[in-house]
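Summary of structural features
The primary structure of each chain is shown beneath.
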Amino acid sequence: MEAVKAANVAAEAALSRKAADVAVLDLRGIASFTDYFVICSGTSDTHAEGVAEAVQEKMKAAGCRLMRREGRRKSDWTLLDYVDVIVHIFVGEVREQYGLERLWADAPSERLTGEGIEIDAEWDDAEEAAAFTARDF
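Residues numbered from 1 in each chain as written. Predicted model: local features only at pLDDT ≥ 70, side-chain atom pairs only at ≥ 80, totals over all residues. Heavy atoms only, no water.

Describing the confidence of the model for the chain
A low pLDDT means the predicted coordinates there should not be read in detail. Rules: Per-residue confidence from the predictor is reported as pLDDT, which spans 0 to 100. It only takes one pair of heavy atoms within 4.5 Å for two residues to be counted as in contact.
Chain-level pLDDT for the chain is 88 on average; 82% of the residues reach the 70-or-more range. Counted against residues more than four places away or in other chains, residues 125-129, with its pLDDT under 50, gives one contact.

As for the packing of helix 1 (residues 3-16) against helix 2 (residues 45-61)
What counts here: The angle between two axes is taken between their N-to-C directions and runs from 0 to 180 degrees, where each axis is a line fitted to C-alpha atoms and a helix contributes only its stretch in contact. Numbering of helices and strands runs from the N terminus, with a helix taken as a DSSP run of H or I at least four residues long and a strand as a DSSP run of E at least two residues long. Any angle that falls under 35 degrees is termed roughly parallel, while one over 145 is termed roughly antiparallel, one within 65 to 115 roughly perpendicular, and all others oblique. By the definition used in this description, the sense in which the near helix is turned from the far one sets the handedness, with an anticlockwise turn below a right angle giving left-handed and a clockwise turn giving right-handed. Residues were grouped as follows: Ala, Val, Leu, Ile, Met, Phe, Trp, Tyr, Cys and Pro as nonpolar; Asp, Glu, Lys and Arg as charged; and all remaining residues, including Gly, as polar.
Running from N to C, helix 1 and helix 2 cross one another at 140°; their axes reach a closest spacing of 8 Å. Judged on the interaxial angle alone, helix 2 and helix 1 are oblique. Here the hand of the crossing between helix 1 and helix 2 comes out right-handed. Of helix 2, the residues touching helix 1 (which contributes Ala6, Val9, Ala10, Ala13, Ala14 and Ser16) are Val51, Ala54, Val55, Lys58 and Met59. For the contact of helix 1 with helix 2, the residue count by class is nine nonpolar, one polar and one charged.

Things to note about empty space enclosed by the protein
Spelled out, the test is: Using a grid of 1 Å spacing that covers the protein atoms alone, one calls a set of points a cavity when a 1.4 Å probe fits there but cannot get out, and a pocket when the set is open and has protein on both sides within 12 Å along at least five of seven lines; lining residues are those with an atom within 4 Å of a point. Grid points are joined across faces, edges and corners, and a volume is the space filled by probe spheres set on the points.
Following the criterion strictly, the structure yields one cavity of 30 Å³ or more and no others. The computed volume of the largest cavity comes to approximately 40 Å³. Around the largest cavity, the lining residues are Asp45, Ala48, Glu49, Arg72, Arg73, Lys74, Ser75 and Thr78. Top contributing element to the lining of the largest cavity by residue count: helix 2, with three residues. Each residue belonging to the lining of the largest cavity can be placed in one class, and the counts come to one nonpolar, two polar and five charged.

Points about the packing of aromatic side chains
Threshold: Put simply, two rings from Phe, Tyr or Trp (the six-membered ring, in Trp's case) pair if the centres are within 6.5 Å, and we call them stacked under 30 degrees between planes, edge-to-face over 60, tilted for the rest. Three labels apply to residues, based on accessible area from a 1.4 Å probe with only protein chains included: buried if under 20% of the type maximum, exposed if over 50%, partly exposed otherwise in between.
With the rule as written, the count across this model stands at five aromatic pairs. Between phenylalanine 33 and phenylalanine 37, the ring centres sit 6.1 Å apart and the planes meet at 50°, which makes this aromatic pair tilted. Using a relative accessible area of 46% as the deciding quantity, one classes phenylalanine 33 as partly exposed. Phenylalanine 37 sits in the buried class, given a relative accessible area of 4%. Considering the side-chain rings of phenylalanine 37 and tryptophan 104, the 6.1 Å spacing of their centres and the 90° angle between planes classify their relative orientation as edge-to-face. One end of the pair, phenylalanine 37, is in strand 2 (residues 36-42); the other, tryptophan 104, is in the loop between helix 4 (100-103) and strand 6 (109-112), and 67 residues separate them in sequence. Given the relative accessible area of 18%, tryptophan 104 is considered buried.

Listed below in C-alpha cells is the structure:
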C-alpha cells in the first residue's frame, strides 16, 4: 500500500474513535526514517488506547504490518510504527510538551476533521449522558 493511503487509513481510524486534532505531516524529503506522521489526541488514557486499537485493526485490515508499538495502557503517548507511517497518539498536554508539529514545522501538514467519517458504533455517544446528582448515589 502506498504510504499516503496508509496515512489516510490511520487518520480515518483515529477519527472513527473520535480522536481530536488529527494531523498528517508529510515528511518525504525531510526525514529519512518515515514518510508520514499521523498525530492525534485522546481525552484520556483509556480513550487513547481505544484510538490505538482502532488504528491497529484498520491498518492490519488494509495490509499494513505493525513493526513496533511504544506505550501501553495508562500511557500519555502511544507510538505505532508502520515504517512509512508513524502514528502518535497523545493524551492531555503531552502533545504540546513534545511539540512534534513545531519540530517538523517545515513539513506540509493537513488537519483532518471527522466530517464524512463513520464513527464506530460503540463510540457514538449521540445522546449526552445526564449529569450525576447526589441522589444518584
